[in-house]
Amino acid sequence: MFSAVDEFVAATLLDEDEALTAAVESAEAAGLPSIQVSPPQGKLLQLFVRLVGAKRILEFGTLGGYSAILMARALPADGRLITLEAKQEYAEVARQSIERAGVGDRVEVRVGPALEALPILEEEGAGPFDLVFIDADKVNTPNYFGWALDRTRAGGLIIADNVVRGGTLGDAADPDEATKAQRRLHEELCGDPRVSATTIQTVGVKGYDGFLIALVEGA
Ligand code: SAH
Ligand code: DHB
Ligand code: MG
């Protein structure tokens, strides 16, 4: 039922072209896991990019480039997206798909563990960012969030995928480290005046999960 609804939404409201389909297919053909955001979620990311008028985007977790392509397409011509991917072979697949989708000039894929990429970004003076999408190794989501929060402009958004984790977010006794990390992130944000945030549970072709969406407040 969830899949049928996603398919209906895709058929009516979304505009997936050949390059996007090809991005998913070539990721699959190369043996990458099929864990990209769903098409309706990808459209939501595009709407966020446009709503904040983003020009600088940072993504944690490229996979085959699906979400990066969508967000990059919502950028203006002078917008830039940096996306961090631990695996060289995934990054290669992503680069090809990004090129084929016509956004190669706006997107840079960096290979290596994101935590190692951050000091380099810092040194280069990358940012401030308008939008950060956190979708890599889930145990590090709070670390990525903390780094991003100091480098996202007021009025910018930080979005973290996979925080609900089949509903385990609501279970204080859940032993999974990834779930504990999402609970810790929520607890850290509790009462933090620098952000105003919410978490929205989602169902769809990718099962039951959810996004944390945080607006960075002014100084
Ligand atoms: N954002 C993508 C999906 C990302 S899936 C989309 O929606 O299209 C999560 C990705 O994070 C995987 O490709 C995985 O290899 C990558 N990843 C895992 N650990 C990482 C790390 N420490 N640093 C950077 N990327 C990592
Ligand atoms: C996984 C990662 C994701 O980003 C996602 O949306 C779903 C699953 C995973 O690592 O299993
Ligand atoms: Mg995800």
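Described below are features of the structure shown in this document. Computed from a predicted structure; not experimentally measured. (Residues numbered from 1 in each chain as written. Chains lettered and ligands numbered in written order. Predicted model: local features only at pLDDT ≥ 70, side-chain atom pairs only at ≥ 80, totals over all residues. Heavy atoms only, no water.)

Turning next to the coordination of the magnesium ion (ligand 3). In an ideal octahedron of six donors the angles at the metal are 90 or 180 degrees, and in an ideal tetrahedron of four donors they are 109.5 degrees. Those donors, D135 (OD), D161 (OD) and N162 (OD1), are the protein atoms that reach the magnesium ion (ligand 3), and they lie 2.0 to 2.2 Å from it. When the donors of the magnesium ion (ligand 3) are listed by position in the chain, the intervening gaps give D-x25-D-N. Highlighted residues: D135 in the loop between β4 (129–134) and α7 (141–149) and N162 in the loop between β5 (152–160) and α8 (177–189), separated in sequence by 27 residues. Assigned by exposure class, D135 and N162 land together as buried. (Donors = N, O, S within 2.8 Å, 3.2 Å for Na, K, Ca; no water. Helix = DSSP H or I, 4+ residues; strand = E, 2+ residues; numbered from the N terminus. Buried < 20%, exposed > 50% of the residue type's maximum accessible area, 1.4 Å probe, protein only.)

Turning our eyes to something else, we now look at a nonpolar patch on the surface. Where nonpolar side chains cluster on the molecular surface, the patch consists of M1, F2, V203 and Y208 and spans about 470 Å² of accessible area. Looking at the secondary structure, you find F2 in helix α1 (residues 2–13). (Patch = residues over 30% accessible without salt bridge, like charges linked within 9 Å, V, L, I, M, F, W, Y side chains within 5 Å. Areas by Shrake-Rupley, 256 points an atom, 1.4 Å probe, with all protein chains shown as cover. Salt bridge = Lys/Arg side-chain N within 4 Å of Asp/Glu carboxyl O.)

By volume, the largest pocket is sized at about 670 Å³. Around the largest pocket sit 39 residues that line it, and I35, D135, A136, K138 and N162 are the ones nearest its centre. Only α3 (39–51), α4 (66–73), β2 (80–85) and α6 (114–124) provide two or more residues apiece to the lining of the largest pocket. (1 Å grid on protein atoms, 1.4 Å probe; cavity = no way out; pocket = protein on both sides within 12 Å on 5 of 7 lines; lining within 4 Å. Points joined across faces, edges and corners; volume = space filled by probe spheres on them.)

The next point concerns the environment of G79. Considering the arrangement of structural elements, one finds G79 in the loop between α4 and β2. Residues G79 and V107, 28 residues apart in the sequence, show an inter-C-alpha distance of 8.9 Å. Residues within four places of G79 in sequence aside, it is in contact with K55, R56 and R106. (Contact = heavy atoms within 4.5 Å.)

Moving on, we come to the site of ligand 2. All residues adjacent to ligand 2 are I35, D135, K138, D161 and N162. A distance of 3.3 Å separates an oxygen atom of ligand 2 from a polar atom in the backbone of I35. A distance of 2.6 Å separates an oxygen atom of ligand 2 from a polar side-chain atom of D135. Contact with the protein chains removes 56% of the 290 Å² of surface that ligand 2 exposes when unbound. Each residue belonging to the shell around ligand 2 can be placed in one class, and the counts come to one nonpolar, one polar and three charged. (Near = heavy atom within 4 Å. Polar contact = N/O pair within 3.5 Å; in protein donor to acceptor, adjacent residues only side chain to side chain. Nonpolar A, V, L, I, M, F, W, Y, C, P; charged D, E, K, R; others polar.)

Everything listed is a geometric property; what it means functionally is a separate question.
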